[in-house]
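An overview of the molecular structure
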Amino acid sequence: MMARHGSIVLIFTLALGLSSIARAEAPLDSGWSENPYFTSQTWNFSTDQTNPIPDEYQNPQTPILKVGTSHNPVHFDVDPDEGTRQGCWGFEGPIDPKLKPEPLLQFDIPNTPGTELVKKIWFQMSLDVHMDDPWEQFFLKALSVDNMTFYDYELVDFSFSDDEDDHFAEVTVEFQLDHQPAEEAICFWALLNEGDWVLFDRVKIETQCFAVPEPTSMALLAMLGLGLILRKRK
């Protein structure tokens, strides 16, 4: 299972259409810890439990991970590729999300809901792959359970370790939701062909909220901005 055929650095480089990707350390966190609505949760996949709570978390409620058992995942105490990582979940193709819609991994983050708040989610995943085009074969979404709406991500950082024996990539993305739901689910699907595989080593999720400006405040800011523009023109 999970024999390597080529470098993960080369796979992602070609998929991104780049000539090269420099090895560098990924960002350690979101930098949002001073936000009053800040939460943090990290799964290191240290056990083979398929519904574990985070190994570390700062959240008044309890997040949970759901491992997609319908896809026959395999837990490794040490990664079977280079043995540089401890605690991994592995999935091997063929897997077609149209036939089995259960995510490979689903992270449920409970909240105290607030419709007057905007939610930002910082999501970082360590993974190792063998496939032709990860960016076309991976599907990552944030789901608000309040309105059952999916939200897309923006790529923040893409890094490889300075250790050339470590084949894992660190992918960091952000989501923005237009409200603070009672719970959001971060869902990861993959279309894996015969011979494709993916290993997950660690996932860290941090969140923050900020208030939506009142319409009157927005109007006042617009008027102030217009006033400054007119003053400059005089």
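Let's shift gears to the overall build of the chain. Counting secondary structure elements, the chain contains three helices and 13 strands. The buried share of the chain, taken over its 234 residues, is 47%. Within the chain, contacts between residues separated by at least 24 positions form 76% of all contacts whose residues are at least 6 apart in sequence. Within the structure as shown, the chain displays about 12200 Å² of accessible surface, and the carbon and sulfur contribution to it stands at 53%.

With respect to the element layout, threonine 172 can be found in strand β11 (residues 169-177). Distance from threonine 172 to serine 159, taken between C-alpha atoms, is 8.6 Å for residues 13 residues apart in sequence. Setting aside residues up to four positions removed in sequence, threonine 172 forms contacts with Pro27, Trp122, Phe123, Gln124, Glu154, Leu155, Val156 and Asp157.

Our next topic: unusual backbone geometry. Residue proline 94 follows glycine 93 across a cis peptide bond; omega there is 10 degrees. Looking at the secondary structure, you find proline 94 in the loop between β5 (86-92) and β6 (105-110). One non-glycine residue, phenylalanine 45, adopts positive backbone phi at about 55 degrees. Relative to the elements of secondary structure, phenylalanine 45 occurs in the loop between β1 (39-43) and β2 (56-58). The residue asparagine 72 is not glycine, and still its phi comes out positive at about 55 degrees.

Along the polypeptide, glutamate 184 turns up in strand β12 (residues 183-190). With relative accessibility at 0%, the residue glutamate 184 sits in the buried group. Polar side-chain contacts of glutamate 184 include one of 2.4 Å to the side chain of asparagine 111. A polar side-chain atom of glutamate 184 sits 2.8 Å from a polar atom in the side chain of lysine 119. The contact partners of glutamate 184, leaving out residues within four places of it in the chain, are Phe107, Asp108, Ile109, Asn111, Lys119, Ile121, Leu143, Leu177 and Thr207.

Quick notes on the rules
Residues numbered from 1 in each chain as written. Predicted model: local features only at pLDDT ≥ 70, side-chain atom pairs only at ≥ 80, totals over all residues. Heavy atoms only, no water. Helix = DSSP H or I, 4+ residues; strand = E, 2+ residues; numbered from the N terminus. Buried < 20%, exposed > 50% of the residue type's maximum accessible area, 1.4 Å probe, protein only. Contact = heavy atoms within 4.5 Å. Areas by Shrake-Rupley, 256 points an atom, 1.4 Å probe, with all protein chains shown as cover. Polar contact = N/O pair within 3.5 Å; in protein donor to acceptor, adjacent residues only side chain to side chain.

That's the geometry; what it means functionally is another story.
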